[in-house]
Amino acid sequence: MAVLAMLLFFASLVGHELAHAVTARRFGVETRHITLFLFGGVAELAQEPTKAVHELWIAAAGPAMSFGLAFTFWTLAGAGAVLVGAGPVVAVLNYLALINLILALFNLLPAFPLDGGRILRAWLWRRSGDMLAATETAARAGTILAYGLMGLGLLGLFQGAMVSGFWQILIGVFVLAAARSSVDAQRTKSLLGDRTVGQLMTAETVIVDPKATLSALVNQVILAKRIGFVPVVDAGVLLGHIDTGVLSSIDRENWANTTVGDIFVDLDPNNCVPPDLPVLELFERIAQTGQRKFMVVEGRRLLGVITLSDLTRHLGLLASLGKQAGTNTAAHV
């Protein structure tokens, strides 16, 4: 019966997340995947909803499913009690009804990134029209909840409730980390807006000819220019790239008689991006592939290079300009 309860609770979690995914699809937002982990589950959407009302319905769908499951299991438990009397099956059904009710109520707490926090964000977003400000306010509520849970957990530990106290601390840490990362992600989206790779790339790029020896590459480019990623170009045609990782695979004594053309990495979708690619999509590609440096190409023509350090430096600049603008405005007022 314990195994059956576990499997049905697992199915309940899947149902909760599927409700989010199906509702999101109804509003044109695809779901990449659903992940179940120690603290429950999450349906990862391909992008944020474009309207506050869509965000509200998507967030509310999960708790609504959990409430529906709780009612269904309680109804089945009542029918089972009438038909066969109290027993293990009825006990399991009552447990599943209770755990789904707790799941729904906990998720409705107005603390981001819980569903209730997303509903709060949707309401604030609808009122102000500023999604970033709404996210920051909802995340502050999530931070308060997280510290509250951790405080209760510590109190439980001192009172001898080791398991429940430790569990509350873990949930609090998870909520705190998720709230902060969500704010950071939304702030990044707000700062970058619709900027494209072509707007942020380094256009004046150092290149190397495929006929150059590795010794010349190291002495005249890598050490002189202090760069570790160099596009390989022959008569204006982009062939690929070479970096310190590729270079390290060749013994130093062979650098003088080995050319760049012998060992460079060919062009492929993993290291090339078009100039009109949104920067936010490039961040996603970096997260998925781990690649940190890209050549910006149009056909076989090199337009520039963009790296993760370029993106983070640009983000830092935008953030500092935003803070200065806010300070100047406050002083002016």
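Treat the numbers as computed from the prediction; the structure is a model and nothing was measured.

This next bit is on the overall build of the chain. In terms of helices and strands, the chain carries 12 helices and 8 strands. Relative to a compact globule of 333 residues, whose C-alpha radius of gyration would be 20 Å, the chain shows 27 Å and is clearly more extended. Projected onto its principal axes, the C-alpha positions of the chain cover 85 × 60 × 45 Å. Taking all 333 residues of the chain together, the buried fraction comes to 38%. Here the chain holds 24 positive side-chain charges and 24 negative ones, and the gap between their average locations is 8 Å.

Leaving glycine aside, a negative phi is the common case for residues, and trans is the common case for peptide bonds. Going from Phe112 to Pro113, the amide bond is cis rather than trans, its omega being 10 degrees. Mapped onto the elements of the fold, Pro113 is located in the loop between helix 3 (88-107) and helix 4 (115-128). Phi is positive for Arg226, which is not a glycine, with a value near 60 degrees. Tracing the sequence through the fold places Arg226 in the loop between helix 8 (214-225) and strand 3 (229-234). Of note in this structure, Ala235 is not a glycine but carries a positive phi near 55 degrees. Mapped onto the secondary structure, Ala235 falls in the loop between strand 3 and strand 4 (237-243).

What follows concerns the sheet that holds strand 8 (residues 301-307). Paired through backbone hydrogen bonds, the strands of a sheet run either parallel or antiparallel to each other. Strand order in the open sheet made by the 3 strands is 6-7-8, with mixed pairing throughout. Each of the sheet's edge strands pairs with one partner strand only, and the pair in question is strand 6 (272-273) and strand 8. Direction of pairing for strand 6 relative to strand 7 (residues 293-298): parallel, over a ladder of 2 bridges. The residue of strand 7 that forms the bridge with Cys272 is Met295.

Right, let's talk about the environment of Val246 for a bit. Take Val246: it is sitting in helix 9 (residues 244-247). The class for Val246 is buried, based on a relative accessible area of 16%. With 17 residues separating them along the chain, Val246 and Ile263 place their C-alpha atoms 7.3 Å apart. When sequence neighbours within four positions are dropped, the list of residues in contact with Val246 reads Ile263 and Val265.

Turning our eyes to something else, we now look at the pattern of salt bridges. Tallying each qualifying case throughout the model produces 6 salt bridges. In this structure, Lys211 and Asp234 form a salt bridge, with 3.7 Å as the shortest nitrogen-oxygen distance. Separated by 23 residues along the polypeptide, Lys211 in the loop between helix 7 (197-200) and helix 8 and Asp234 in strand 3 bring together distant segments of the chain. The closest approach of N and O atoms between Arg301 and Glu298, which form a salt bridge, is 2.8 Å. Its relative accessible area of 44% is what places Glu298 among the partly exposed residues. Within the structure, one salt-bridge network assembled from shared partners comprises Glu55, Arg118 and Arg121.

In terms of nonpolar packing, the biggest core is built from 18 residues, with Val273, Leu282, Ile306 and Leu311 touching the most fellow members. By size, the runner-up hydrophobic cluster in this structure holds 16 residues, among which are Val208, Val260, Ile263 and Phe264.

We now examine the sheet that holds strand 5 (residues 265-266). The strand order 3-4-5 describes an open sheet built from 3 strands, whose pairing is antiparallel. The open sheet has two free edges, formed respectively by strand 3 and strand 5, since each of these has just one partner strand.

A separate point is the side chain of His16. Position of His16 among the secondary structure elements: in helix 1 (residues 2-26). A distance of 3.0 Å separates the side chain of His16 from the side chain of Asp115, its partner in a polar contact. Apart from residues no more than four positions distant in its own chain, His16 is found in contact with Gly62, Pro63, Met65, Ser66, Leu103, Asn107 and Asp115.

The next thing to look at is the packing of helix 5 (residues 131-158) against helix 6 (residues 162-192). In the contact formed by helix 5 and helix 6, the axes pass within 7 Å of each other and the chain directions differ by 165 degrees. In terms of their interaxial angle, helix 5 and helix 6 are classed as roughly antiparallel. Here the hand of the crossing between helix 5 and helix 6 comes out left-handed. Here the residues of the contact of helix 5 with helix 6 sort into 19 nonpolar, 10 polar and 3 charged.

So, on to the side chain of His20. By the secondary structure assignment, His20 is in helix 1. At 3.2 Å, the side chain of His20 forms a polar contact with the side chain of Asp115. Beyond its immediate chain neighbours, meaning those up to four positions away, His20 contacts Ala43, Ile58, Ala59, Ala61, Gly62, Pro63 and Asp115.

With 6 of its 7 residues buried, strand 8 lies for the most part within the structure. Adjacent in sequence and paired antiparallel, strand 7 and strand 8 are bridged by 2 residues, among which Gly299 carries a positive phi angle near 70 degrees.

Calculation rules
Residues numbered from 1 in each chain as written. Predicted model: local features only at pLDDT ≥ 70, side-chain atom pairs only at ≥ 80, totals over all residues. Heavy atoms only, no water. Helix = DSSP H or I, 4+ residues; strand = E, 2+ residues; numbered from the N terminus. Rg over C-alpha atoms; globule rule 2.2 N^0.38 Å. Buried < 20%, exposed > 50% of the residue type's maximum accessible area, 1.4 Å probe, protein only. Lys, Arg positive; Asp, Glu negative; His and termini not counted. Charge placed at Lys NZ, Arg CZ, Asp CG, Glu CD. Pairing = 2+ DSSP bridges. Contact = heavy atoms within 4.5 Å. Salt bridge = Lys/Arg side-chain N within 4 Å of Asp/Glu carboxyl O. Core = buried A, V, L, I, M, F, W, Y, C linked by side-chain atoms within 4.5 Å. Polar contact = N/O pair within 3.5 Å; in protein donor to acceptor, adjacent residues only side chain to side chain. Axes fitted to C-alpha atoms, helices over the stretch in contact; angles between N-to-C directions. Parallel < 35°, antiparallel > 145°, perpendicular 65-115°, else oblique. Left-handed = near helix turned anticlockwise from the far one by under 90°. Nonpolar A, V, L, I, M, F, W, Y, C, P; charged D, E, K, R; others polar.

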